[in-house]
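# Structural features, examined
So the chains spell out like this:
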Amino acid sequence: MSYHHLALAAKDMAAIHEFYEVIMGFELVKVEIAPVAGGGWGKHFFYRMEGDDSKFIAFWELNDTPGQEAHVYDLNEAAKTPQGTNHYSFSVDTQEELQSWRKKWNAAGLDVLEIDHNWCHSVYTRDPNGNMVEFCLTTGSFSDADRQRALAALEEREMQASPPPAMMKQWLAKDM
């Protein structure tokens, strides 16, 4: 089972469109316009991912909603959690594809964080809402020992850190 769509509110729909269609290459294919529970109305924009009509990321442009001036669009800021805790990740199939996203983001003026987590390799940037977006390549497999470690961690109340990342690098757009 996979998810159909992830829906988020948009701080600036024009900037969201520029990021997700022009930079990310997701195609805007549908909008639903309707009243919003509690008052006001919204436009719900759906961006198709990978040309697949069952996988979308969607954004709400909210209008005339009560308290609209106080809405917080960065998921971590809204939840009062450390930056990067709440984020969304898209899959890539090759190291070349992962590096092409890093280069594409840098060319678009975005800073990129790259981390080799020892079992997956990721690049991260932020969207116009301030949310962290990731592309991730799985590079390892999972053993019974990995599962046992994860199960044990459910009960642990003191940190027993994982091995550090094999590599971590910040790619600043201004250096490209």
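All figures in this text were calculated on a predicted structure; none of them were measured in a lab.

Contact pair helix α1 (residues 13–23) / helix α3 (residues 95–107): the axes reach a minimum separation of 12 Å and the direction vectors enclose 140°. As the angle between them shows, α1 and α3 are arranged oblique. For the element pair α1 and α3, the recorded crossing hand is right-handed. Between α1 and α3, the contacting residues are Phe 19, Val 22 and Ile 23 on the first element and Trp 101, Lys 104 and Trp 105 on the second. Residue composition of the contact of α1 with α3, grouped by class: 5 nonpolar, no polar and 1 charged.

What follows deals with the sheet that holds strand β6 (residues 112–116). Strand order in the open sheet made by the 5 strands is β5-β8-β7-β6-β9, with mixed pairing throughout. Each of the sheet's edge strands pairs with one partner strand only, and the pair in question is β5 (87–91) and β9 (167–171). Each strand axis lies, on average, 20° off the axis of its neighbour in the sheet, ignoring direction. Against the sheet, α3 contacts β6, β7 (120–126), β8 (132–138) and β9, and its axis sits at roughly 15° relative to β7.

Judged by nonpolar contacts, the single largest core of 27 residues is most densely connected at Tyr 20, Met 24, Ile 57, Phe 59, Phe 90, Trp 105 and Phe 135. Among the elements of the structure, α1, β3 (41–49), β4 (52–63), β5, α3 and β8 are those that each provide at least two residues to this core. Among the elements that line this core, the one with the most residues is α1, at 5 residues.

Criteria and cut-off values
- Residues numbered from 1 in each chain as written.
- Predicted model: local features only at pLDDT ≥ 70, side-chain atom pairs only at ≥ 80, totals over all residues.
- Heavy atoms only, no water.
- Axes fitted to C-alpha atoms, helices over the stretch in contact; angles between N-to-C directions.
- Helix = DSSP H or I, 4+ residues; strand = E, 2+ residues; numbered from the N terminus.
- Parallel < 35°, antiparallel > 145°, perpendicular 65-115°, else oblique.
- Left-handed = near helix turned anticlockwise from the far one by under 90°.
- Contact = heavy atoms within 4.5 Å.
- Nonpolar A, V, L, I, M, F, W, Y, C, P; charged D, E, K, R; others polar.
- Pairing = 2+ DSSP bridges.
- Core = buried A, V, L, I, M, F, W, Y, C linked by side-chain atoms within 4.5 Å.
- Buried < 20%, exposed > 50% of the residue type's maximum accessible area, 1.4 Å probe, protein only.

These results come straight from atomic positions and should not be treated as a statement about function.
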